[in-house]
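Listed below are the residues making up each chain.
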Amino acid sequence: MRNRVFLVLLTSVMIITACGPTGNHFKIEGRLKGMQPGEIYIYSLQGGNARFDTLKVKSGNFVYEGTAEEPTPYVLVFQNGLEQVIFVNGGQTLEYTASANDMKNYQVKGSDENKLLNEFRAETATMTQVKVKAAARAFIEGHPASPVSIYMLDKYFVQDSEIAFAETLQLTQLLRKHQKNNVYLIDLETNIKILQSGDVGKTIPKVQLTTKTGKKLNLGAIDKSHLLVGFWATWLTEAWDMMSSLRKMSKDYSSSLQVLAISLDTQQYKWEEFVRTDSLVIDNVCDFKSWDSPTVQKFGVRGLPFYVLCDSKGKILSKGSTVDDMKRDVEKRLKKDNPSADTNKKEIGGDE
C-alpha cells in the first residue's frame, strides 16, 4: 500500500467494562460454507499493535477464543486479501457465517455491535462509494454512543485518502459528546486540528529546515512570489518524474518560484546518491524520519507524491497527489508571469 495513514485504526475504542458469565473471555464459532480446508488470519488493532493469529479451517469450520475488556474490532483476513470486521467483547460467544461464493455478505450473531454492522452491510450492499460514505455519516449521527460509530468514522472518513477535515472533525466532536473519555477520539480531534493547517486557504506551517548543503530555510519567509514544496522518496515509483519536474519548473519559473523537495527517505546514502547534484537547482531536505517527520505531519502528507503550492505570504493556493496535477497548478498560477517558460519542453537527463 503506497498511502500511509496518519492515525491507527480504533485505538482504545471506548470505555466500557466487560461483563458476562465468563468475564473477559470470548469465542468466535465460524462456519464458511463451501470453503476448502486451509488457513485464515485474525488480528486486533486494540492499542495500535496488530498481532496476527492463524485459524485452521476444517470442514468449513473454525473456532477462535480470546479475551477483551471492551468492545473491540477484530479483522479476519483471507488468502485473497479480503478483510472482514467482527466486534468482540468479554462474555460473548459469536456465531460467524459466510459463503465462499459471497464472502462480502457475511453475518455475525451474538452482540448488538455486530447486529448493527450486519444491517449496515445489507443496506449498503448495492450502493456506490459516495452513497456508502453518506450512509456511514447517517449511521454515526444516529448512533453517537456506539463503538461501531468510531469504526465507521475511521474507515470511511479518517482513512479516506482525500480526507475532508472539517466534516471529519464535526463527526469526531459529535462522538466525543457521547464518549467523552475515549482516548482515540481525543487524539483524533487534536490531530485533525493540526492537519487542518494544511488546507487550501490556510497558511503553511512555520518550520525551519536545513538543506543538503547546510542552508537554513524558513518557510514563513520566502524571497519569491511563490513556493512549491514537493514531498517524495527514492523508493517512490514516480521519484524520477517528480524530481525531474521540480527541477524543470525551478528553471522555467526561476524569477518567481522557489522550489523545495522534502524526502521521506530513512537511508541517508540512498537519498544523497539520488540528489547528489540537485542542490545546484533546487533545495533538498531530509531528516530521515519518514512519516514520523514533524514537517511531514504538519503538512498533512498522507501519501506520495504530494505537493503544496503557496504564495509569498505562505497562503496555500493548491495541493495534490500527482505530478501531472502539480505541473498544471504551477503553470496555471505562474505562466502569465513567465511567458517565455516552455512547459512542454522535455528535460534531457536526470541530473543537472
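Coordinates for the structure precede this section.
Residues numbered from 1 in each chain as written. Predicted model: local features only at pLDDT ≥ 70, side-chain atom pairs only at ≥ 80, totals over all residues. Heavy atoms only, no water.

## Thoughts on the nonpolar core
Point 1. Ile 28, Leu 32, Phe 62, Leu 76, Tyr 96, Met 152 and Leu 153 are the most contacted members of the largest nonpolar core, which totals 49 residues.
Point 2. The element best represented in this core is helix 3 (residues 147-158), accounting for eight residues.
Point 3. Counting 46 residues, the second largest nonpolar core, distinct from the first, contains Trp 271, Phe 306, Val 308 and Val 330. (Core = buried A, V, L, I, M, F, W, Y, C linked by side-chain atoms within 4.5 Å. Buried < 20%, exposed > 50% of the residue type's maximum accessible area, 1.4 Å probe, protein only. Helix = DSSP H or I, 4+ residues; strand = E, 2+ residues; numbered from the N terminus.)

## Considering the packing of aromatic side chains
Point 1. Tallied over the entire structure, the rule returns 14 aromatic pairs.
Point 2. When the ring of Phe 62 is compared with that of Tyr 96, the centres are 5.7 Å apart and the planes differ by 50°; the resulting orientation is tilted. With a gap of 34 residues between them, Phe 62 in strand 4 (residues 61-67) and Tyr 96 in strand 7 (residues 93-99) connect regions that are remote in the sequence. Grouping residues by exposure puts Phe 62 and Tyr 96 together as buried.
Point 3. Plain terms: the ring middles of Tyr 64 and Tyr 74 are 6.1 Å apart, the flat faces sit at 55° to each other, and that makes the pair tilted. Within this pair, whereas Tyr 64 is found in strand 4, its partner Tyr 74 is found in strand 5 (residues 72-77), the two being separated by ten residues in sequence. This pair shows no difference in class: Tyr 64 is buried, exactly as Tyr 74 is.
Point 4. What links up through ring pairs into an aromatic cluster is the set Phe 26, Tyr 64 and Tyr 74. (Phe/Tyr/Trp six-rings, centres within 6.5 Å; stacked < 30°, edge-to-face > 60°.)

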